[in-house]
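Listed below are the residues making up each chain.
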Amino acid sequence: QVQLVESGGGLVQPGGSLRLSCAATGFSFRYYALRWYRQTPGKERDLVAAITSSGGLTNYADSVKGRFTISRDNAKNTVYLQMNSLKPEDTARYYCNARNAFEYWGQGTQVTVSS
């Protein structure tokens, strides 16, 4: 059974940090490119960060460059998103995505940045 399970979301003050995790089961994780997306109510899901299957290349939305870092541990079948210097506009539901021949999504984890 294919599963992507996100965790690590929560409420944080502006300027704070969170680390999201996404644990994968049921497919050959190491061959899949991985992405983090985020979505707020009434808006489209936007790409936040991406990493290649080997982890050698990463890409970020302009709005998070220099603050967020995507990484992966193929031995643990897990992808991470380290989020620093969080802003209220980072508030969203964050989703993990795996893509190769097939595409899989997690259920998301809520991140709220507020004082």
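Going by the structure above, here's the rest.
Residues numbered from 1 in each chain as written. Predicted model: local features only at pLDDT ≥ 70, side-chain atom pairs only at ≥ 80, totals over all residues. Heavy atoms only, no water.

**Q** Please explain the side chain of Thr 78 as it appears in this structure.
**A** Within the fold, Thr 78 resides in strand E8 (residues 78-83). Within the local environment of Thr 78, its side chain forms a polar contact with the backbone oxygen of Lys 76, the two atoms lying 2.8 Å apart. Setting aside its immediate chain neighbours within four residues, Thr 78 contacts Ser 21, Cys 22, Ala 23, Phe 29, Ser 71, Arg 72 and Asp 73. (Helix = DSSP H or I, 4+ residues; strand = E, 2+ residues; numbered from the N terminus. Polar contact = N/O pair within 3.5 Å; in protein donor to acceptor, adjacent residues only side chain to side chain. Contact = heavy atoms within 4.5 Å.)

**Q** Help me understand the pairing of strand E9 (residues 92-99), please; the structure alone is not making it clear to me.
**A** Counting buried positions along E9 gives six out of eight residues, so the element sits mostly inside the fold. As paired elements, strand E4 (residues 33-39) and E9 share seven bridges and run antiparallel to each other. Residue pairing in the sheet places Tyr 37 in a bridge with Tyr 95 of E9. Two strands pair when backbone bridges link them, and E9 and strand E10 (residues 103-105) are joined in this way by three bridges, in the antiparallel orientation. Paired with Asn 97 across the bridge in E10 is Trp 105. Linking two consecutive strands that pair antiparallel, namely E9 and E10, is a turn of three residues. (Buried < 20%, exposed > 50% of the residue type's maximum accessible area, 1.4 Å probe, protein only. Pairing = 2+ DSSP bridges.)

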